[in-house]
Amino acid sequence: MGKNKGKKALQSWREKVEARLAKVPERKETFTNSSGMEVDRVYLPNELTEEYMEKSGLPGEYPYTRGVQPTMYRGRFWTMRQYAGFGSAEETNKRFKYLLEQGQTGLSCAFDLPTQIGYDSDDAMSTGEVGKVGVAIDSLEDMELLLDGIPLDKVSTSMTINAPASVLLAMYIAVGEKQGVSSEKLSGTIQNDILKEYIARGTYIFPPKPSMRLITDIFEYCANNVPKWNTISISGYHIREAGSTAVQEVAFTLADAVAYVEAAIQAGLGVDDFAPQLSFFFNGHNNFFEEIAKFRAARRIWSRLMKEKYQAKNPKSWQFRVHTQTGGSTLTAQQPDNNIVRVTVQALAAVLGGTQSLHTNSRDEALALPTEESARIALRTQQIIAYETGVTDTVDPLAGSYFVESLTDQIEQQVLDYMKKIEDIGGAVAAVEQGYMQREIHEKAYEFQKQVESGEEVVVGVNKFRIEGEKQPELLRVDPSLGKVQRAKLEELRARRDNDKVQAALEALRTGAQGTDNLMPLILDAVRVYATIGEICGVLREEFGEYRAV
């Protein structure tokens, strides 16, 4: 790229920035450090060479290596979205409101295991698990209590739900209707990433084929009816939690994303109809620079893939937008206050990597669900990074670092090598069915564990710098009678609702499942008459069958 071409590219970018600033001003007119030196919006090489533009480019422009927005956090901070949910809908609603009062800017909901695999709280399969690792949601009535007093036109909500994602999304839409908020105004995310459940996590219900149908039905329904909703959060988080490396996390996540894109295209959707509503979910780990480079490489690979392979025309289809959660598996039960430091480093890496949304884990999560105090400290960690450190004052501040740029290139190449292997196998679904990704992750997890046990990898407080006779901190305990309470609520609901309407809605859903029409409207109809999650998923289980791990 000659000097004149470089100058033109820069001038064009500046004009776009000015247009954006007219709509979304930056947080301050000028940014300065503590010595009074002005901090520029972005720092660039003296000449915009062809190589620079191809690899890095300008912020908010293809290939988005330097971020998806031209002004990034100078415009506004990432969404601070603490993952919360335990016990009953009423208890979780209180925690939501507490976190919003403390400055959280979006909700993130954890569901209990029965909800995650589509069983009601009174099902025998739910015994002992109701409300334990998240909130118990059996019907629209529970969702109404969960979101009571929370204005859905003003707060975005992320729901960590996969196999029954369509049911929970339908409940959310129905609560919006009751609040007078149309589905066009709802914003949030459903995780809805079933492939990683087969790979790494295990809360699946149906076999891959009908699961992919439910996902593409959501893509189509939301494109037409819930345009501000992220229809999927393609997750590397759980892949990393299962023991993968950073490269595997990026590679397997993007391979899964390719499978979703191709499934949607095969279902007849245009790529630009659904791709702008795709989002991603990454883990934040301890190796600081590797983590930063991981985000930069992922953005570059995704944008090229969408533009060059899938011929997407809308720039929003090229953008890799990501929520990050700090690494739960890096937390230790020993000396839990050390986890505050780990989380701070991980969160800082995610911010320097350019995340759009962030959850910081609480110090006591290796022991129990977080107490109110530890959840507040975790949120304060984000707020201190945002408001006090200055790392948000310039875009992609580590660009140009020999180390970070080299790491970005290396991660990109290794990710592409993995993606080629998966493509040769037949794609992510075939690779999952053959156990390829599972074996790769297990191998790396085993290697890491051996290194910890030999002391080659130091985990402070665990295999070095131990304290004998530690006192355990006060922990949050879920009310053990919750299962009984939830069962009584269900019994009362079933006696009170119009069961003829429920049966009619469930039979319509059964007929729909036997055909090819979009199932979302039928699930929404069933939710509106208070069919339970167990009843809806029960019909789909009968029609689709259940997946059994190979």
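Residues numbered from 1 in each chain as written. Predicted model: local features only at pLDDT ≥ 70, side-chain atom pairs only at ≥ 80, totals over all residues. Heavy atoms only, no water.

Going by the annotation in an unreviewed UniProt entry, the name recorded for the protein chain is Methylmalonyl-CoA mutase, with Aneurinibacillus soli given as the source organism.

### Notes on the overall build of the protein chain
Within the protein chain, the secondary structure is distributed over 21 helices and 10 strands. In terms of overall size, the protein chain behaves like a compact globule, its C-alpha atoms giving a radius of gyration of 23 Å where 550 residues would be expected to give roughly 24 Å. Taken over the C-alpha atoms alone, the protein chain extends approximately 75 × 60 × 50 Å along its principal axes. The 550 residues of the protein chain split such that 57% are buried. Counting contacts in the protein chain only where the partners sit at least 6 residues apart, residues at least 24 apart contribute 78% of the total. For the protein chain, the exposed surface amounts to about 23,200 Å²; the carbon and sulfur share of it is 50%. Of note, the protein chain has its 63 positive side-chain charges centred 4 Å away from the centre of its 76 negative side-chain charges. (Helix = DSSP H or I, 4+ residues; strand = E, 2+ residues; numbered from the N terminus. Rg over C-alpha atoms; globule rule 2.2 N^0.38 Å. Buried < 20%, exposed > 50% of the residue type's maximum accessible area, 1.4 Å probe, protein only. Contact = heavy atoms within 4.5 Å. Areas by Shrake-Rupley, 256 points an atom, 1.4 Å probe, with all protein chains shown as cover. Lys, Arg positive; Asp, Glu negative; His and termini not counted. Charge placed at Lys NZ, Arg CZ, Asp CG, Glu CD.)

### Looking at unusual backbone geometry
With an omega dihedral of 10°, the bond running from Tyr62 to Pro63 counts as a cis peptide bond. As for its position among the elements, Pro63 is in the loop between helix H2 (50–55) and strand E1 (79–80). Although it is not a glycine, Asn192 sits at a positive phi angle of roughly 55°. Classification of Asn192 as buried rests on a relative accessible area of 2%. The phi angle at Asp396 is positive, at roughly 50°, despite the residue not being glycine.

### Re the sheet that holds strand E4 (residues 157–160)
Pairing in this open sheet of five strands is parallel, and the strands run E2-E3-E4-E5-E6 from one edge to the other. Strands with a single pairing partner mark the edges of an open sheet, and in this sheet they are strand E2 (83–84) and strand E6 (229–230). Pairing of E4 with strand E5 (residues 188–190) involves three bridges; the strand directions are parallel. Each bridged residue has a counterpart across the sheet, and for Ser158 the counterpart in E5 is Thr189. (Pairing = 2+ DSSP bridges.)

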